[in-house]
Amino acid sequence: MRDKSLFRRLVIGVVFFWITVFVFFPNLLVVITSFLKRNPVRFVEASFTLESYRSLFEPVFFQIFIQSFKNALVATLVCLVISYPFAYLLCRIRPSVRRYLLVLVIIPFWTSSLIRTYALVILLKGNGILNTLLVAVGVIHQPLQILYNEGAVFCGLVYTLLPFMILPLYAAIEKLDPQLVEAAYDLGAGRLQVFARVILPLTLPGIIAGCILVFLPALGLFYIPDLLGGAKLMLLGNFIRDQFLTARNWPFGAAASVILTAVMGIMLFAYYRSLKRFNGSVME
Amino acid sequence: MTRSRFFSRFYLGFIFLFLYLPLLILIVYSFNKSKYGTGWTGWTLHWYRSLWDNTLLLDAAVNSLIVAGISSVAATAIGTLAAVAFYRYRFIGRKVLYSLVYVVMMSPDIVMGISLLIFFILVGLPIGFRTLLLSHITFCLPFVVVTVYARISGFDPRVIEAARDLGAGEFQTFRYILLPLLMPAVISGWLLSFTLSLDDVIVSFFVTGPSFEILPLKIYSMVRLGVKPEVNALSTVLFGFTLIMVTLSQLLVKEKKR
Amino acid sequence: MKNSVSLCRVLPILLISGIFCLSAPGPVSAENGEVYVYNWSEYMPDSVLSDFQKETGIKVVYTTYDSNEAMFAKVKLLDGGGYDLVFPSTYFVDRMGKEGLIQPIDKSRISNLKHLDPSLMDKPYDPGNIYSVPYLWGSTAIGVNSAFVDKEKVTGWNDLWDPAYKNRVLLTNDLREVFGMGLKVLGYSGNDTDPAHIEAAYEKLRTLMPNVRLFASDSPKLPFLNQEVTIGMIWNGEIYMASQENPEIGYIYPKEGAMLWMDSMVIPRNARNVENAHVFIDYLLRPEVAKTISEEIGYATPNTAALELMAPEVRNNPTVYPDAETVQKGEFQVDVGDAILIYQKYWEKLKAGQ
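Now for a quick tour of the structure. (Residues numbered from 1 in each chain as written. Chains lettered and ligands numbered in written order. Predicted model: local features only at pLDDT ≥ 70, side-chain atom pairs only at ≥ 80, totals over all residues. Heavy atoms only, no water.)

## A closer look at the overall build of chain B
1) Next: Of regular secondary structure, chain B possesses eleven helices and zero strands.
2) Next: Counted from the first residue to the last, chain B has its helices and strands arranged as α-α-α-α-α-α-α-α-α-α-α.
3) Next: Summarising its shape, the C-alpha atoms of chain B cover approximately 70 × 65 × 30 Å along the three principal directions.
4) Next: Split into buried and exposed, the 258 residues of chain B put 64% on the buried side.
5) Next: Excluding contacts between residues fewer than 6 apart, the proportion of contacts in chain B whose partners are at least 24 apart in sequence is 73%.
6) Next: Element-wise, carbon and sulfur atoms account for 70% of the exposed surface of chain B, whose accessible area totals about 10,600 Å². (Helix = DSSP H or I, 4+ residues; strand = E, 2+ residues; numbered from the N terminus. Buried < 20%, exposed > 50% of the residue type's maximum accessible area, 1.4 Å probe, protein only. Contact = heavy atoms within 4.5 Å. Areas by Shrake-Rupley, 256 points an atom, 1.4 Å probe, with all protein chains shown as cover.)

Quick look at the structure:
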């Protein structure tokens, strides 16, 4: 009995300590900053104001938000569609080979994302590899202007975020008991039924995890869209960065960050609630 | 059956090609005479030679590997324990702490970087390797927690109950029952953390000290004048090294099993 | 069983505690101390650093940043401490000086100051050069690919608006430079703080957007070399390097005036190794050293003695070293104070309105 309470207390203690110290307090600083007034020299001064939040209700900010949201949503869906079959098929392979392949999936991402993006530029540019190939084969006659357009941005986003969908999906699909699937087939269910009624619900936690790990970072990503899209659009990431570094309007940047977090939080919460209703006890 | 196997191999192969294509381009261009990667001008090993002399770049690479190695292991340990705690134990503030884990993922990098720096200054921690490490662990944490939690939810609680009835303590339940079951998620979480830590720029920029240079910062700083192909050479070397290590450990594991 | 604590749990804890204990500031390995330099990556040749170390015994600890704004935020948050020598661009010297982040340079300790070109000293961003010593300088003007663009027809910023260049124009991703161009085209100064003028510049820039292929502040020469753009706003060093690979790429100074910038050396207020910083500055101003720096990096040195050591084709290349008249017509950027908020607002509108 003593062993139980010690381990339990230790674990809860570590978690409590770490999250309170390194997450709660810094974020509290952010929230406090959003209510302060801008000071041109000292970044902020200690006087309460709602000015920053008021200034957020501009059409510009909504446009920026919608654009970032759209990018993140499409990237997440594409990643999901590509990764699910990949993770599923990966789980069908022998365990020893499977783990090796999983590590192989992520090794390319241990190189700097900047030079990987430059490699994408070489691939997608006017006289680049893709265009040369397509012209040589005869599919097109003029090189496509993929680069510095939305197409290149989505390629870059999906490419960068793919492992963040594959790995959680793999972790969740791996525990799927093949015997359950066999049993469903034996009972006479068709392929679609087996997928919708057996496989999908059992792997749903993995799908949710993957979507979260892709969508949330994608909302804030701006470097890769800038490099591949030509920085013609302003995204949430640039917007907030500009407030902190260029305009030195910390309260405004902090307020934007708080609103962003709040909106994401509400969406997540609503999503979980609706899932609970449809799926019983999948979560919590 | 063979047709679906063919399709399965084809799809896996195609996605692997997609994942590796930019890396292959990168590797090929490390042998390109052209300095700017605009066109192929001939084979050369020049960049590898100058990489060998570029101590600043190599030091930064070693620093990044050290930070990524330590912080990913620590984040995986704390994150796994956190996921287990959130799932199994009921304690005060559980829901708040769980939401705070998500807040880390939702905050923009720059907000996190600046707020952590100010926090460290207020608390009086010297800005350097320690603060860098603490920050990296913090932003890797949610990725481990979410991955492990997704796996642990949906496990049959009766297995754990059975273990408890047989007299196992909390720690033993964790070590011998939960951990093996969670291993794929723990490994996935570790891989994600290592990847995140190796490539972080904005948070690291603010929380690192004047004497500790890390690789992603250095590479991003090169863009003003142009990223030299030495970086390609470095990435090729690191990739080759990693590939060899991973393959070796795979073969060794196979040997052990026999 | 109860006592065998899992290695995988203990190891990380041991590692972490070990690192904490060991990561106290290390012993000073150089005999004469160190100097902490904060600069752009590759903006100082390795040979210069190692030669300096060999000669003086002072160890150079070199860390990097990727934008002036980020560097400013970091130095400000550290209250001018941590770094001994920083390399801000023009108006950041202005701002850092005004906010007391940097200390006056002791000119008596820098004998090589005499080599610097007087026409590049005493500029509005640091009158009298109290805080800064010029390092490298350059301009932002018009780059063209003469294979696609008739060089004779391009005389000023206004030519970028020509519909013939639809989707073929490059702009740097810097709001002061883009709006600087917008203001200059209308006849105003690039440092204007009048909200009405800035708004007018915004309206003018909006009409340019259909021509703009991309904004780039990372290696802007690449889109030129890749032939994705044929004309645009770009820094002179980039065009100089691009012209080495493709001689058809050239540089034109606009009649409305180019934008000039200077990267200077400053010493933060709470720097620990002030003496070593001065020694390093003096070393960098030696003619041979300045020549090496300029040649390897590709930007112009303000050091006249170094110029005399250079090959004539470089010294007389107008892309790198414009004549005095062009420098006169050009304008150095200064800090615009709170007007930056107005610039930022219109920059967001410009980008979001796509």
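Anyway, onward from the coordinates.
## A closer look at the pattern of salt bridges
1) Next: Across all of its chains, the model carries 23 salt bridges over all chains by this definition.
2) Next: Note that E99(C) is salt-bridged to R248(A), the shortest N-O span being 3.0 Å. Pair noted here: E99(C) is in the loop between α4 (90–98) and β4 (102–103) and R248(A) is in the loop between α11 (236–245) and α12 (250–279), and the two residues belong to different chains.
3) Next: Owing to a relative accessible area of 15%, E99(C) belongs among the buried residues under this scheme.
4) Next: Under the relative-accessibility criterion, R248(A) is labelled buried at 7%.
5) Next: Taken together, the shared-partner salt bridges connect R98(A), E174(A) and R151(B) into one network. (Salt bridge = Lys/Arg side-chain N within 4 Å of Asp/Glu carboxyl O.)

## Looking at the side chain of S107(B)
1) Next: Along the polypeptide, S107(B) turns up in the loop between α4 (94–106) and α5 (109–123).
2) Next: A distance of 2.7 Å separates a polar side-chain atom of S107(B) from the backbone oxygen of V103(B).
3) Next: Beyond its immediate stretch of four places on either side in the chain, S107(B) contacts N27(A) and T261(A). (Polar contact = N/O pair within 3.5 Å; in protein donor to acceptor, adjacent residues only side chain to side chain.)

## Let's talk about the packing of aromatic side chains
1) Next: Taken as a whole and judged by the stated rule, the model has 56 aromatic pairs over all chains.
2) Next: Ring centres of F35(A) and Y53(A) lie 5.1 Å apart, and the angle between their planes is 35°; this geometry places the pair in the tilted category. With F35(A) in the loop between α1 (2–34) and β1 (37–39) and Y53(A) in helix α2 (residues 51–55), this pair connects stretches of sequence that are 18 residues apart.
3) Next: Note on F35(A): relative accessible area 25%, which makes it partly exposed.
4) Next: Residue classification places Y53(A) among the buried positions, given a relative accessible area of 14%.
5) Next: An aromatic cluster is defined as three or more aromatic residues linked by ring pairs; in this entry it consists of W18(A), F22(A), F24(A), F25(A), F119(B) and F120(B).
6) Next: Its guanidinium or amino end placed over the ring of W40(C), R224(B) lies 4.2 Å from that ring's centre, counting from NZ or CZ.
7) Next: Over the face of the ring belonging to F205(B) we find K74(C), whose NZ or CZ atom lies 5.6 Å from the ring centre. (Phe/Tyr/Trp six-rings, centres within 6.5 Å; stacked < 30°, edge-to-face > 60°. Lys NZ or Arg CZ within 6 Å of the ring centre and 35° of its normal.)

## A closer look at helix α9 (residues 274–284) of chain C
1) Next: In terms of residue burial, α9(C) counts as a mostly covered element, since nine of its eleven residues are buried.
2) Next: Those residues of α9(C) not exposed but buried are V274(C), N276(C), A277(C), H278(C), F280(C), I281(C), D282(C), Y283(C) and L284(C).

## Some thoughts on the interface of chain B and chain A
1) Next: Taken together, the contacts link 91 residues of chain B with 90 residues of chain A.
2) Next: Both faces considered, chain B and chain A share a buried interface measuring about 8,400 Å² in area, 79% of it formed by carbon and sulfur atoms.
3) Next: At the junction of chain B with chain A, the criterion picks out two salt bridges.
4) Next: A salt bridge links R151(B) to E174(A), with the shortest nitrogen-to-oxygen separation between them at 3.0 Å.
5) Next: Here chain B is connected to chain A by 13 residue pairs in polar contact (both at pLDDT 80 or more). (Buried area = accessible area lost by both parts, 1.4 Å probe.)

## What about the packing of helix α5 (residues 113–124) of chain A against helix α7 (residues 150–173) of chain A?
Residues and elements named next belong to chain A.
1) Next: Across the interface, α5 lies against α7 with an axial gap of 11 Å and an inter-helix angle of 140°. By the criterion of interaxial angle, the relationship of α5 to α7 is oblique. Seen from above, α5 lies across α7 with right-handed handedness. For the pair α5 and α7, the contacting residues are R116, L120 and L124 in the first and A152, C155, G156 and Y159 in the second. (Axes fitted to C-alpha atoms, helices over the stretch in contact; angles between N-to-C directions. Parallel < 35°, antiparallel > 145°, perpendicular 65-115°, else oblique. Left-handed = near helix turned anticlockwise from the far one by under 90°.)

## Here we look at empty space enclosed by the protein
1) Next: According to the stated counting rule, one finds nine cavities of 30 Å³ or more in the structure shown.
2) Next: For the second largest cavity, the lining is made up of 21 residues, of which Y118(A), I122(A), Y36(B), G37(B) and V227(B) are closest to its centre.
3) Next: Looking at the lining of the second largest cavity, the elements with two or more residues in it are α5 of chain A, α1 (2–29) and α11 (229–257) of chain B together with α7 (221–225) of chain C. (1 Å grid on protein atoms, 1.4 Å probe; cavity = no way out; pocket = protein on both sides within 12 Å on 5 of 7 lines; lining within 4 Å. Points joined across faces, edges and corners; volume = space filled by probe spheres on them.)

## So, the pairing of strand β5 (residues 133–145) of chain C
Residues and elements named next belong to chain C.
1) Next: Of all 13 residues making up β5, 13 are buried, and the element is well covered by its neighbours.
2) Next: Sheet analysis places β5 next to strand β10 (residues 259–265), joined by seven bridges and oriented antiparallel. Counterpart to W137 in the pairing with β10 is M262.
3) Next: Pairing between β5 and strand β8 (residues 231–235): five bridges, direction antiparallel. Residue pairing across strands places A141 opposite I234, the latter belonging to β8. (Pairing = 2+ DSSP bridges.)

## Some remarks on the pairing of β10(C)
Residue and element names in this part refer to chain C.
1) Next: Taking burial as the measure, the seven residues of β10 include seven buried ones, the bulk of the element.
2) Next: What you see with β10 is no split at all: M259, W261, D263 and M265 on one side and L260, M262 and S264 on the other are buried throughout.
3) Next: Pairing between β10 and strand β12 (residues 331–332): two bridges, direction parallel. If you follow L260 over to β12, its bridge partner there is F332.

## Quick word on the packing of α7(A) against helix α9 (residues 191–220) of chain A
All names here are of chain A.
1) Next: Running from amino to carboxyl end, α7 crosses α9 at an angle of 160°, the nearest separation of the two axes being 8 Å. Viewed along their axes, α7 and α9 adopt a mutual orientation that is roughly antiparallel. The chirality of how α7 crosses α9 is right-handed. Facing α7, whose interface residues are L161, F164, M165, P168, L169, A172 and I173, α9 presents T203, G206, I207, A209, G210, C211, L213, V214 and A218.
2) Next: Considered class by class, the residues forming the contact of α7 with α9 number 13 nonpolar, three polar and no charged. (Nonpolar A, V, L, I, M, F, W, Y, C, P; charged D, E, K, R; others polar.)

## Quick word on the interface of chain A and chain C
1) Next: Across the contact, 32 residues belong to chain A and 32 residues belong to chain C.
2) Next: For chain A, the biggest contributors to the area lost against chain C are Y148(A), K232(A) and T246(A); these three give 20% of the whole.
3) Next: Summed over the shared surface of chain A and chain C, the result is two salt bridges.
4) Next: Note that D338(C) and R38(A) form a salt bridge whose closest N and O atoms lie 3.3 Å from each other.
5) Next: Along the contact surface separating chain A from chain C lie 15 residue pairs in polar contact (both at pLDDT 80 or more).

## Examining the layout of surface pockets
1) Next: Roughly 1,100 Å³ of volume is contained in the second largest pocket.
2) Next: Around the second largest pocket sit 26 residues that line it, and Y88(A), L89(A), R92(A), R191(A) and S4(B) are the ones nearest its centre.
3) Next: Among the secondary structure elements, those contributing two or more residues to the lining of the second largest pocket are α3 (59–91), α4 (95–106), α8 (178–186) and α9 of chain A together with α1 of chain B.
4) Next: Here the residues of the lining of the second largest pocket sort into 16 nonpolar, two polar and eight charged.

## What to know about a positive patch on the surface
1) Next: A contiguous patch of positive charge, built from R273(A), K276(A), R90(B) and K95(B), is present on the exposed surface.
2) Next: Along the polypeptide, R273(A) turns up in helix α12.
3) Next: By relative accessible area, which is 47% here, R273(A) ends up partly exposed. (Patch = residues over 30% accessible without salt bridge, like charges linked within 9 Å, V, L, I, M, F, W, Y side chains within 5 Å. Lys, Arg positive; Asp, Glu negative; His and termini not counted. Charge placed at Lys NZ, Arg CZ, Asp CG, Glu CD.)

Limitation: the analysis is restricted to geometry and does not speak to function.
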